[in-house]
Amino acid sequence: MIEPTWLTETRAAYDTVAVDYARLLPDVVEGPLDRGMLAAFAEQVGPGRPVLEVGCGTGRVTAHLRDLGLDVAGVDLSSGMVEVARRTYPELRFDIGSMTDLAMPDAGLAGLVAWYSIIHLPPELLPVVFAEFHRVLAPGGHLLLAVKAGDQRIRLEQAYGHLVSYDVHWLPPDRLADQLAAAGLVVRATLVREAEASFERGPQAFLLATRPDGGADR
C-alpha cells in the first residue's frame, strides 16, 4: 500500500527537527490555561488509570500528565521524536505508531490526549480518527484535544532551524465538536484563548470530551 503524502511528509519533518524541537521548546507546559485544562482532564480521569498521549513528540506533555498522577504512555508517528522522548524520560513508555490505527484494545483507556497532533491530519480524516479514539476509550473515558483555532491550512517550509515541508491545519472548535459528537464523544468543555507564546500566530483551542458510559447524563 502506498503511504499517503501527508503522513510521509509529517514523519520526515519531525524526524528532521526532533533534536532541535526538544532543545528550543521548554520541557514544561506553557501557560496557566493550558496547564489548567490538563489538570482538569487528569482530575476527571483519576489517578493511576491508563492514559495515552497520541502524537506525543518529545514527551514533555506525557511527562506532565505523569506528574499529575496518571498512568500514561505516549505514541508518535516520528521515530526521531520517540527516540528523544525515550532518552529524556526513560521511565516512561513511548511507542511508534499512527493515531489512524492505534495498537490498543477496544475500550482499554480511561483517557486520551491529542495535544496539537490532529492539526497535521487532512481534515477529511478527522471523523476516522475520532472513531478510533472512541474505540479505544472505555465508557466514561475522557478525551482532551489541543488545536490551533481557525479555518486554514498553512504549508510550513521551515521549522526549528530546518528546511521541511508539511501542513498545519487550523481547526474550528465548533466543527470539531460536531465531528466528535458524530463519533459518539460528547464535548463537556471548550476553551479558546488568544496567542500567548511568541511562536503562536493566533488563538488556541482546547476541547474536553467524554465517551458516555450509558448512565444518566447531567
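Heads up: the structure comes first, above all this text.
Computed from a predicted structure; not experimentally measured.

*Asks:* Honestly, the sheet that holds strand E8 (residues 186–193) in this entry has me stumped. Any pointers?
*Replies:* Strands belonging to one sheet form pairs held by backbone hydrogen bonds; the direction of such a pair is parallel or antiparallel. Strand order in the open sheet formed by seven strands is E3-E2-E1-E4-E5-E9-E8, and the pairing between neighbours is mixed. The open sheet has two edge strands with one neighbour each: strand E3 (94–96) and E8. When the angles between neighbouring strand axes are averaged without regard to direction, this sheet yields 15 degrees. On top of the sheet, helix H5 (residues 126–136) reaches strand E1 (50–54), strand E4 (109–115) and strand E5 (137–148); it is set at about 145 degrees to E5, its chief contact.

*Asks:* Honestly, unusual backbone geometry in this entry has me stumped. Any pointers?
*Replies:* Glycine aside, the phi torsion of most residues is negative, and most peptide linkages are trans. Residues other than glycine seldom take positive phi values, yet Ala107 does so here, at roughly 55 degrees. Of note, Ala107 is situated in the loop between E3 and E4. A positive phi angle, close to 55 degrees, is found at Tyr116, a residue other than glycine. Along the chain, Tyr116 turns up in the loop between E4 and H5.

*Asks:* When you look at the nonpolar core in this model, what are you seeing that I'm missing?
*Replies:* Generally speaking, nonpolar side chains in soluble globular proteins are found buried as a group. If you look at the biggest cluster of nonpolar residues, it comprises 67 residues, and the most contacted ones within it are Trp115, Ile118 and Phe133. The dominant element in this core, judged by the number of residues it contributes, is helix H1 (residues 5–24), at seven residues. The residues contacting Trp115, other than those within four sequence positions of it, are Val29, Asp34, Leu38, Glu53, Val54, Gly55, Val61, Leu144, Ala146 and Phe206.

*Asks:* Can you help me understand the layout of surface pockets in this one?
*Replies:* If you roll a probe as big as a water molecule over the atoms, it shows you where there is empty space left. Each pocket or cavity is described by its volume, and for the largest pocket that value is around 1,000 Å³. Forming the boundary of the largest pocket are 49 residues, of which Tyr14, Tyr21, Tyr116, His120 and Tyr160 lie nearest the centre. Considering each element in turn, the lining of the largest pocket owes the most residues, seven residues, to H1. Approximately 330 Å³ is the volume attributed to the second largest pocket.

*Asks:* For this particular structure, what's the right way to read the pairing of strand E7 (residues 162–170)?
*Replies:* Looking along a regular strand, one sees the side chains alternate between the two faces of the sheet. As paired elements, strand E6 (residues 152–159) and E7 share seven bridges and run antiparallel to each other. Looking at E7, one finds that Leu156 is bridged to Tyr166. Between E6 and the antiparallel strand that follows it, E7, lie two residues; Tyr160 among them carries a positive phi value of about 55 degrees.

Calculation notes
Residues numbered from 1 in each chain as written. Predicted model: local features only at pLDDT ≥ 70, side-chain atom pairs only at ≥ 80, totals over all residues. Heavy atoms only, no water. Pairing = 2+ DSSP bridges. Helix = DSSP H or I, 4+ residues; strand = E, 2+ residues; numbered from the N terminus. Axes fitted to C-alpha atoms, helices over the stretch in contact; angles between N-to-C directions. Contact = heavy atoms within 4.5 Å. Core = buried A, V, L, I, M, F, W, Y, C linked by side-chain atoms within 4.5 Å. Buried < 20%, exposed > 50% of the residue type's maximum accessible area, 1.4 Å probe, protein only. 1 Å grid on protein atoms, 1.4 Å probe; cavity = no way out; pocket = protein on both sides within 12 Å on 5 of 7 lines; lining within 4 Å. Points joined across faces, edges and corners; volume = space filled by probe spheres on them.

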